[in-house]
Amino acid sequence: MRLRVIDFGLVSAMRSQAVYHGLAEAMTSDGDPVLSLASPETPYVCVGMHQEIAKEVDEEFCRSNGFPIIRRHVGGGAVYLDHNQLFTHFIYPRGKAPEYAVNLYPLFIEPVVRTYKEFGIDAAYRPVNDIQVKGRKIGGTGAASIGEATVMVGSFMFDFDTETMAHCLKVPSEKFRDKLFQTLNDYMTTMVKELGTPPSREDLKARFLKHCADVLKVEPVEDQPTEAELAAIAEAEKMLADPEWTYWQGRKLVEMGVKISEGTHLTESAHKSPGGLIRVHLLGRDGKLEDLMLSGDFTCLPPDGIDRLAEELKGTPLDREKLREAAEAGMKKLGIETPGVTADDIAVAVMAAAEGPA
């Protein structure tokens, strides 16, 4: 099978996200899979599909430093990105990718791991979707379904600005920010940290493509985007730049607040699952779930599945076992995949909001 390799090089911040959105929208069920490569010319903050910006990002710092905030169509957490990362986007027709999301990560992470190892970096896959070097993170990945395509995004970390990252994230105090910076410094590693002098982009790309061929059983072929793909990328840039898209999670919260009436209370909680942080905003009334908003840095396929599940849970008694059963049934009915997040994780998160602080 042919793997079209489209190397966009250095592009604008917005285009570095738009390329894989557009390529996925333009993909047909019988098309060749694509690997796109890109790095942003200027820095920005990228938030996950299901995250609440107000909870995760220091918007004032980003604004004063000219860092755009871009919401991607892929789950995961908020991250500061710049030219020191080489983004990798595998875009496959859905029928040519592994059927279940949980199988995407080990398959598409393996060529990255092998490339790092070839340079002498002892990288390893750590479920659900991380790459680590002796317990230190050197990259995360994300999966999504966009149009007719299954998308797997990741990156090679030449270097990483942990100090700026710590300032971009929302924290309760400056003392906590200092601790966050130290934690990021201790927990994250890069090719600069591991090797001193990182490999050239060209050398890394050549070795990466060789491992893609071996692992994925494909023939990488350098290619250029078609006119239809360029048009779809331009459309994706418009969509990603639209404030309605960027702040859609905040709008949902406002809509929930409007529904508050006598005997109805809006409460919130957070629960850390193996697949990521789950944030809950809950409207409870008479012992039942009246309305629910689920957000966080987890992965959900299809992307709108988590909102449909929240709708499905309306009217469920606020009881952990009943919520677990309802979430399990809803996930099965809707065909939702949330790697590392179980129905019980959803139930625990909702009950934490229902019961409030201990």
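Preceding block: the structure.
Residues numbered from 1 in each chain as written. Predicted model: local features only at pLDDT ≥ 70, side-chain atom pairs only at ≥ 80, totals over all residues. Heavy atoms only, no water.

**Student:** Please set out the pattern of salt bridges residue by residue, giving values where relevant.
**Tutor:** Inspection of the entire model under this criterion finds 26 salt bridges. Close ionic contact of Arg324 with Glu321 constitutes a salt bridge, the shortest N to O distance being 2.6 Å. Of this pair, Arg324 and Glu321 are both found in helix α13 (residues 320–334), three residues apart, which corresponds to roughly one turn of the helix. Residue classification places Glu321 among the partly exposed positions, given a relative accessible area of 38%. Salt bridges linked by common partners bring Asp7, Arg201, Lys205 and Glu222 together as one network. (Salt bridge = Lys/Arg side-chain N within 4 Å of Asp/Glu carboxyl O. Helix = DSSP H or I, 4+ residues; strand = E, 2+ residues; numbered from the N terminus. Buried < 20%, exposed > 50% of the residue type's maximum accessible area, 1.4 Å probe, protein only.)

**Student:** Explain the pairing of strand β15 (residues 288–296) residue by residue, including any values.
**Tutor:** Along β15, seven of the nine residues are buried, which leaves the element largely enclosed by surrounding structure. By the bridge criterion, eight bridges tie strand β14 (residues 276–285) to β15 in an arrangement that is antiparallel. Paired with Arg279 across the two strands is Ser295, which belongs to β15. The antiparallel pairing of β14 with β15 creates a hairpin that spans two residues between the two strands, and Asp286 there sits at a positive phi of about 55°. (Pairing = 2+ DSSP bridges.)

**Student:** Summarise the side chain of His211; cite the residues concerned and give the values.
**Tutor:** The residue His211 is located in helix α8 (residues 201–216) in this model. Residue classification places His211 among the buried positions, given a relative accessible area of 10%. The residues touching His211, leaving out its near neighbours within four places in the chain, are Pro111, Arg114, Thr115, Glu118 and Leu216. (Contact = heavy atoms within 4.5 Å.)

**Student:** Talk me through the side chain of Arg279; I want residue IDs and the actual numbers.
**Tutor:** Mapped onto the secondary structure, Arg279 falls in strand β14. The class of Arg279 is buried, set by a relative accessible area of 17%. One polar contact links Arg279 to Glu56, side chain to side chain, over a distance of 2.7 Å. Among residues more than four places away in sequence, those in contact with Arg279 are Glu52, Lys55, Glu56, Ser269, Ala270, Met293, Leu294, Ser295 and Gly296. (Polar contact = N/O pair within 3.5 Å; in protein donor to acceptor, adjacent residues only side chain to side chain.)

**Student:** Could you give an account of the environment of Lys252, with specific residues and numbers?
**Tutor:** Positionally, Lys252 belongs in helix α11 (residues 248–258). Residues Lys252 and Leu292 lie 40 residues apart in sequence; the distance between their C-alpha atoms is 9.8 Å. Setting aside anything within four residues of it in sequence, one finds Lys252 in contact with Met293 and Asp307.

**Student:** Report on unusual backbone geometry, specifying residues and quantitative values.
**Tutor:** Note the cis peptide between Pro127 and Val128, where omega equals 10°. Here Val128 shows up in the loop between β7 (123–126) and β8 (130–133). With omega at -5°, the peptide bond leading from Leu301 into Pro302 counts as cis. Along the chain, the position of Pro302 falls in the loop between β15 and α12 (305–312). Although it is not a glycine, Lys134 sits at a positive phi angle of roughly 50°. By secondary structure assignment, the location of Lys134 is in the loop between β8 and β9 (136–140).

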